[in-house]
Amino acid sequence: MAALGWLTPRRRSATARSVLAGEASAEAARKSSQDLPVSAKDPDFPVHGDDRAAAFFDLDNTVMQGAALFHFGRGLYKRKFFETRDLARFAWQQTWFRLAGFEDPEHMQDARDAALSIVKGHRVSELKSIGEEIYDEYMAERIWPGTRALAQAHLDAGQKVWLVTAAPVEIAQVISRRLGLTGALGTVAESIGGVYTGKLVGEPLHGPAKAEAVRALAAAEGLDLTRCAAYSDSHNDIPMLSLVGHPYAINPDSKLRRHARDLDWRLRDYRTGRKAAKVGIPAAAGVGAVAGGTAAAIALHRRRR
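Residues numbered from 1 in each chain as written. Predicted model: local features only at pLDDT ≥ 70, side-chain atom pairs only at ≥ 80, totals over all residues. Heavy atoms only, no water.

Caption draft 1: Examining helix α7 (residues 169-178) more closely. Counting buried residues along α7, eight of its ten residues qualify, which places the element largely inside the surrounding structure. Along α7, the residues that are buried comprise Val169, Glu170, Ile171, Ala172, Gln173, Val174, Ile175 and Ser176. Once α7 finishes, glycine 180 follows within two positions and takes phi at roughly 75°, a positive value. (Buried < 20%, exposed > 50% of the residue type's maximum accessible area, 1.4 Å probe, protein only. Helix = DSSP H or I, 4+ residues; strand = E, 2+ residues; numbered from the N terminus.)

See below:
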């Protein structure tokens, strides 16, 4: 679970590491997925019985309100995976990113190494079990009903539905299973003998790496991407959205909204007014999202004392 690996936004085309990350995520997703019983419902879209079509959903602020790492970080802090002094280090990385608007390479590498060290030496099975608990504690009530209905429409049409997220694949798989989806593609952390080594396979599944993961999974599953759909809130996912014949902008950020309007993509916004402007944490914040989540948890704890 590279879960706390620093999620770096990639403003460039796919690299060899992006391809490696995408292929590793697709392989992990295929190994963990199970076919689900489906029923027919909508005669228009999705197309019923089209076994060469599937749907790909981003997670943060698309399927779930806020960032998965935000909530997962709260859960890990509660379970004493890291201490308050570590929080200050992560918070500084988050503050730099939000104020400067770009990443400092030294900060990014330092934050990634620190974050991966938190899970290094822990068993994969342990983090999966904790992920189940954290889903119940922080995530279940934050699923967007509108997006959930879109995913269900694809399932009811007999299509497979995958989460595609920069969050750790183990967490993504928990959420996918709880929602009754087919499976999940996420950031893959290296493990040997069921124990995390503190390294990633490739890079975080972000930006171009997401597109590579979808491309690899589609090839393995025999899908026709022109008949597939993809859903996201972020302009960082334009490479993934551009792969499919049916791209949707869900709760879009301003850049994605403009892009979607220019290309006549379909938009759905389940937020209203002030809430739409405030909801969520950018997926690119990575470990900073964890810092924000743990900071919120600490503040709430102190307020209640």
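Caption draft 2: Here's a closer look at the packing of helix α5 (residues 124-139) against α7. Contact pair α5 / α7: the axes reach a minimum separation of 9 Å and the direction vectors enclose 50°. Judged on the interaxial angle alone, α7 and α5 are oblique. In the packing of α5 onto α7, the handedness of the crossing is right-handed. Between α5 and α7, the contacting residues are Val124, Lys128, Gly131, Glu132, Tyr135, Asp136 and Met139 on the first element and Glu170, Ile171, Gln173, Val174, Ile175, Arg177 and Arg178 on the second. The residue makeup of the contact of α5 with α7, split by class, is six nonpolar, two polar and six charged. (Axes fitted to C-alpha atoms, helices over the stretch in contact; angles between N-to-C directions. Parallel < 35°, antiparallel > 145°, perpendicular 65-115°, else oblique. Left-handed = near helix turned anticlockwise from the far one by under 90°. Contact = heavy atoms within 4.5 Å. Nonpolar A, V, L, I, M, F, W, Y, C, P; charged D, E, K, R; others polar.)

Caption draft 3: Quick look at the packing of helix α2 (residues 68-78) against α5. Axis separation between α2 and α5 bottoms out at 9 Å; the angle between their running directions is 110°. Taken together, the axes of α2 and α5 are roughly perpendicular relative to one another. Judged by the twist between their axes, the crossing of α2 over α5 is right-handed. From α2, Ala68, His71, Phe72, Arg74, Gly75, Leu76 and Lys78 reach across to α5, where they touch Leu127, Ile130, Gly131, Ile134, Glu137, Tyr138 and Met139.

Caption draft 4: Region of the structure containing empty space enclosed by the protein. Applying the stated criterion across every chain yields a total of one cavity of 30 Å³ or more. Reported here for the largest cavity is a volume of approximately 40 Å³. Around the largest cavity, the lining residues are Phe57, Val63, Ile143, Thr147, Arg148, Ala151, Leu163, Leu179 and Leu181. (1 Å grid on protein atoms, 1.4 Å probe; cavity = no way out; pocket = protein on both sides within 12 Å on 5 of 7 lines; lining within 4 Å. Points joined across faces, edges and corners; volume = space filled by probe spheres on them.)

Caption draft 5: Broad picture of the environment of aspartate 51. Take aspartate 51: it is sitting in the loop between α1 (16-32) and β1 (54-57). Owing to a relative accessible area of 62%, aspartate 51 belongs among the exposed residues under this scheme.

Caption draft 6: Spotlight on the packing of aromatic side chains. Tallying each qualifying case throughout the model produces three aromatic pairs. Arranged with centres 4.1 Å apart and planes meeting at 5°, the rings of phenylalanine 57 and tyrosine 231 form a pair that is stacked. Here tyrosine 231 lies in strand β6 (residues 229-232) and phenylalanine 57 lies in strand β1, a separation of 174 residues in the sequence. For the pair phenylalanine 57 and tyrosine 231, one class covers both residues: buried. (Phe/Tyr/Trp six-rings, centres within 6.5 Å; stacked < 30°, edge-to-face > 60°.)

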